[in-house]
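The lines below spell out each chain.
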Amino acid sequence: MSHDSHAGHVAHTDHDAHDTHHVNYLAIFVVLCICTALSVIFDVVHMSKPITIVLVMSVAITKALCVMMFFMHLKFEGNWKFVLLAPTTILAIGLPLALFPDVGASYYTSTAPQTTKWAQEISDYQKHHAEHTESANHAEPEHADPDPAHVE
Amino acid sequence: MSHTAKPTALKMGIPIPNSKLGLWLFLGTEIMFFTAFIGSYIVLRLGSRGWPTDTHDTHINVILGGLNTFVLIVSSYLVVVAHEAMAQKNFAKARTYLTGTLLLAFVFLGIKSAEYYGKISNDILPGHIAETSSQAVKKASRELEVVVRDRFAEYTTSGVVPTDRPNDIVNLVNQIATLPSVATPPEGVSEGTFNALKESAPVDAELFRQWMNLHQHIVANVSLKVPAIGPEYLAARAELKEGEKLPELEYAEVTSLLTDMKANEKYGYYVTKGVFEPHPIVYGNIFASTYFLMTGFHAIHVVVGMILFWLVLKQGSKLDEKWTDFVENSGLYWHFVDLVWIFLFPMLYII
């Protein structure tokens, strides 16, 4: 609701000027739908994990840019958008960056129970599971991986 | 002091309405909020030497996730054309578009609920997931104990087996096992209830014995093929040579036992209903925690957006140009909700 102050009304006049840009929203919508379909196709078609990650994240970034630039009108807004969004974005990535060396990169030997205390048990289970699958399907045996990291 | 001179309006600050500035500042905090979740998820996943990605384990449905992405995109499109209609003072058209957005938000939450149900019904919940075979066996035993306790509760709550210690199932089983030899119901218990429970008593006592047997084998960590307590167990241990030990309880034995129990025509129904498939999922708990945290907070944001659209639609035919900025700001919020989902979808459903 436009119940802003007098200064707000003055500002509103400038703001209205930005709304004169014509955007073909339907075209943006079609692009977003195609991108979503592509994401699902990339999941269904078997590719190596790194390629899938690059492709689906590229699609996600494309979709995000479409939404931000056209649906949120950031393409037509003034430079205030950088003043407002740059600090928050920089601060936002601070936490993941701070956590990454210790938790994400694991530059030391992992002591998580899944990889130490439980490792043998997980390995035994995978071995049994592989044997079970082999006898159940009469198919090619799944090779049990003694490394508990490879559970996917 | 004279107040006749009106100050000239200063063109200072950001050239947008105050409400929109406020909304963008709020979205700034939201960026930090969701980036903290998504960033932590990425870091935790990179730091875990494995992650459950098999859809049989995670009960993730990429088609439902993709459908929800499509639903949010359509709703975002409807919001943007609703704002355009508001700017053109075509309020009836704007209301139609916003009604569509609100309905699609319901569809999104409906699909999300179906996904949540899939996980909850398979006990894919933080802290509930067994990550090793021994945890899976112990979890199955705990679930079986709950089944036994629920069955026994029928005897104690109805008064068929009077007791002041209803949780002492080891003591209760003796009273339940001897129930068929009792001729008359206790005072205040109907004949029908008494006869029904008298008939089911041997079955429930047998169910208890099966659970107790499993429990004792888990505690002693010996195979189901050898006794876990009593003189036979002690004798078997006494026969062991130096360095030998009794065969340990194996995961396969327990799954086989549970399969047989679920197939039992007398108590199989209760076991099937109360005991999940004992399937270990490595790093399953942290997966469930991050999944529910991110999608849960996103769903809360969807609900808030629905409230905003409902406030506009509540105006009915009274909707006018005073609401244009409100619709624009609600739309910006809704696009942000869409934006978050655009990243959650590939990270949770595909990668």
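This text goes with the structure placed above it.
Everything quoted here is computed from the prediction, not taken from an experiment. (Residues numbered from 1 in each chain as written. Chains lettered and ligands numbered in written order. Predicted model: local features only at pLDDT ≥ 70, side-chain atom pairs only at ≥ 80, totals over all residues. Heavy atoms only, no water.)

S.K.: Quick question: what am I supposed to make of the packing of aromatic side chains here?
M.R.: Aromatic rings in a pair are described by how distant their centres are and how their planes are angled relative to each other. Counted according to the given criterion, the structure contains 25 aromatic pairs over all chains. Note on Tyr125(A) and Tyr251(B): the rings are 5.2 Å apart at their centroids and 85° apart in plane angle, and the pair reads as edge-to-face. Taken together, the positions of Tyr125(A) in helix H6 (residues 119-137) and Tyr251(B) in helix H9 (residues 251-263) put the pair across two chains. In this structure Tyr251(B) comes out as buried when scored by relative accessible area, which is 15%. A centroid spacing of 5.2 Å and a plane angle of 85° characterise the contact between Phe108(B) and Trp341(B), whose relative ring orientation is edge-to-face. Remark: Trp341(B) occurs in helix H12 (residues 324-350) and Phe108(B) occurs in helix H4 (residues 91-120); sequence separation between them is 233 residues. By the burial criterion, Phe108(B) is buried, and Trp341(B) matches it. Members of the aromatic cluster, connected to one another through ring pairs, are Phe33(B), Phe34(B), Phe37(B), Phe297(B) and Phe336(B). Between the NZ or CZ atom of Arg151(B) and the centre of the ring of Tyr270(B), over which it lies, the distance is 4.2 Å. (Phe/Tyr/Trp six-rings, centres within 6.5 Å; stacked < 30°, edge-to-face > 60°. Helix = DSSP H or I, 4+ residues; strand = E, 2+ residues; numbered from the N terminus. Buried < 20%, exposed > 50% of the residue type's maximum accessible area, 1.4 Å probe, protein only. Lys NZ or Arg CZ within 6 Å of the ring centre and 35° of its normal.)

S.K.: Help me understand the environment of Pro166(B), please; the structure alone is not making it clear to me.
M.R.: Residues and elements named next belong to chain B. Looking at the element boundaries, Pro 166 is found in the loop between helix H5 (133-158) and helix H6 (169-177). With 19 residues separating them along the chain, Pro 166 and Pro 185 place their C-alpha atoms 18 Å apart. Setting aside residues no more than four positions away along its own chain, Pro 166 makes contact with Thr 156 and Leu 172. (Contact = heavy atoms within 4.5 Å.)

S.K.: Please explain unusual backbone geometry as it appears in this structure.
M.R.: Across residues other than glycine, the phi torsion is negative in most instances, and most of the peptide bonds are trans. Residues and elements named next belong to chain B. The residue Lys 89 is not glycine, and still its phi comes out positive at about 60°. Relative to the assigned elements, Lys 89 resides in the loop between helix H3 (62-87) and H4. Owing to a relative accessible area of 52%, Lys 89 belongs among the exposed residues under this scheme. With phi around 50°, Asn 221 is a residue other than glycine that occupies positive phi space. Mapped onto the elements, Asn 221 comes out in the loop between helix H7 (191-220) and helix H8 (230-238).

S.K.: How do you make sense of the packing of H7(B) against H9(B) when you look at a structure like this?
M.R.: Packed helices, taken two at a time, are described by the angle their axes make and the gap between the axes. Residues and elements named next belong to chain B. It is the contact of H7 with H9, at a shortest axis distance of 12 Å, that shows an interaxial angle of 175°. For the element pair H7 / H9, the angle class is roughly antiparallel. Residues Leu 207, Gln 210 and Leu 214 of H7 form the contact with H9, whose participating residues are Val 254, Leu 257 and Met 261. (Axes fitted to C-alpha atoms, helices over the stretch in contact; angles between N-to-C directions. Parallel < 35°, antiparallel > 145°, perpendicular 65-115°, else oblique.)

S.K.: Whenever I open this one, the layout of surface pockets confuses me. Can you help?
M.R.: One way to see where empty space is left: roll a probe the size of a water molecule over the atoms. A volume near 1100 Å³ is recorded for the largest pocket. Along the walls of the largest pocket sit 41 residues, with Met57(A), Thr35(B), Ile38(B), Phe343(B) and Met347(B) positioned nearest its centre. Contributing elements (two or more residues each) for the lining of the largest pocket: helix H3 (49-71) and helix H4 (80-92) of chain A together with helix H1 (18-47) and H12 of chain B. The leading source of residues in the lining of the largest pocket is H1(B), at 11 residues. In terms of residue class, the lining of the largest pocket is built from 29 nonpolar, six polar and six charged. (1 Å grid on protein atoms, 1.4 Å probe; cavity = no way out; pocket = protein on both sides within 12 Å on 5 of 7 lines; lining within 4 Å. Points joined across faces, edges and corners; volume = space filled by probe spheres on them. Nonpolar A, V, L, I, M, F, W, Y, C, P; charged D, E, K, R; others polar.)

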